[in-house]
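# Notes for the structure review
As a plain string of letters, each chain reads:
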Amino acid sequence: MPDPSPTSTPLAPPNDVTNAQLVQWAFDRINAQDVESLRNFFWTADSTVHFPTGTCHGSAEIAAYFDQVFAAVTDFAFEMVSIAESGTDVLAHWHLTGRHVGTFVGIAATGRRIDFEGFDHFVIEDGKVVTNTVRYDQMEFARQIKLLPPDGSIADRALKAAFNTKTRVVGMVRRR
């Protein structure tokens with residue numbers, strides 16, 4: 001297992017590994033907040049990552065995204081739940097924990113703990129990311145930081161009722 005502490009010298013991935021092992025190395029580097037190793041050895045100018053909050057093109061944009069995440073979430077930790085590989089495709093199921101302490105995608109720090117699961121679908125060619133599609137339950141994240149009320153609560157039912165009323169009014173106006 002690689003050293004989990006941040007490093008000033010980029011750490012190259014191991015040689016002669018499977019794509020799944022390369023993705024595990026990348027998750028280890030993310031846990032170490034070692035964006036430089038990923039920028040130098042995993043992402044390219046042509047890599048594209050589709051996050052639920054937007055798409056990043058190229059290693060500089062992807063690295064900037066992770067820099068924002070690390071500034072916003074302390075105790076950031078990925079745990080690999082499972083990983084599967086088929087040719088150039090790697091699917092990683094992960095569990096993420098941390099504390100929301102800084103602005104992330106326009107949402108100011110709440111100090112709340114986050115704890116949720118998600119998936120990454122990587123396409124890897126010649127040891128580099130071609131595409132990576134990241135998916136997690138954004139509503140769960142929003143509920144954990146109290147951006148959304150708990151499901152089924154009075155506030156949740158009122159929010160849904162207001163939305164349904166708006167939807168009915170818009171539908172009536174469109175039919176005219």
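Every value quoted in this text rests on a predicted model; they were computed, and no experiment measured them.

### Structural notes on the overall build of the protein chain
Counting its secondary structure elements, the protein chain contains 5 helices and 6 strands. For the protein chain, the sequential pattern of α-helices and β-strands runs α-α-β-β-α-β-β-β-β-α-α. Reported as C-alpha extents along the three principal axes, the dimensions of the protein chain are approximately 65 × 35 × 30 Å. Residues counted as buried form 38% of the 176 residues belonging to the protein chain. Pairs at least 24 apart in sequence give 53% of the contacts found in the protein chain among residues at least 6 apart.

### Overview of a nonpolar patch on the surface
Together, V169, M172 and V173 make up an exposed nonpolar region whose accessible area comes to about 270 Å². Owing to a relative accessible area of 40%, V169 belongs among the partly exposed residues under this scheme.

### So, the pairing of strand 4 (residues 89-100)
Most of strand 4 sits inside the fold, with 9 of its 12 residues counted as buried. Sheet topology places strand 3 (residues 73-86) next to strand 4; 11 bridges connect them, and they run antiparallel. Looking at the pairing, E85 lines up with V90 of strand 4. Hairpin connection from strand 3 to strand 4: 2 residues lie between these consecutive antiparallel strands, with G87 at a positive phi of about 65°. Note: strand 4 against strand 5 (residues 113-125), 11 bridges, orientation antiparallel. Each bridged residue has a counterpart across the sheet, and for L96 the counterpart in strand 5 is F116.

### Some thoughts on unusual backbone geometry
In the Ramachandran plot, D16 falls in the positive-phi region, its phi being about 55° despite a non-glycine side chain. Turning to its location among the elements, D16 is positioned in the segment before helix 1 (19-31). D16 sits in the exposed class, given a relative accessible area of 83%. Phi angles above zero are rare outside glycine, and D126 is one such case at about 50°. Of note, D126 is situated in the loop between strand 5 and strand 6 (128-136). Look at D126 and you get exposed, because its relative accessible area is 81%.

### Regarding the nonpolar core
Generally speaking, nonpolar side chains in soluble globular proteins are found buried as a group. Of all hydrophobic cores here, the largest spans 39 residues; its most connected members are F42, W43 and F66. Sorting the residues of this core by element identifies helix 1, helix 2 (35-41), strand 1 (48-51), helix 3 (58-72), strand 3, strand 4, strand 5 and strand 6 as the ones contributing at least two each. Here F66 is in contact with I30, V35, W43 and F51, once residues within four sequence places are set aside.

### So, the confidence of the model for the protein chain
Per-residue pLDDT for the protein chain has a mean of 93; in total, 95% of the residues score no lower than 70. Taken together, the stretch residues 1-5 has pLDDT below 50 and engages in 12 contacts with residues farther than four places along the chain or on a different chain.

Rules used throughout
Residues numbered from 1 in each chain as written. Predicted model: local features only at pLDDT ≥ 70, side-chain atom pairs only at ≥ 80, totals over all residues. Heavy atoms only, no water. Helix = DSSP H or I, 4+ residues; strand = E, 2+ residues; numbered from the N terminus. Buried < 20%, exposed > 50% of the residue type's maximum accessible area, 1.4 Å probe, protein only. Contact = heavy atoms within 4.5 Å. Patch = residues over 30% accessible without salt bridge, like charges linked within 9 Å, V, L, I, M, F, W, Y side chains within 5 Å. Areas by Shrake-Rupley, 256 points an atom, 1.4 Å probe, with all protein chains shown as cover. Salt bridge = Lys/Arg side-chain N within 4 Å of Asp/Glu carboxyl O. Pairing = 2+ DSSP bridges. Core = buried A, V, L, I, M, F, W, Y, C linked by side-chain atoms within 4.5 Å. pLDDT = per-residue confidence, 0-100.

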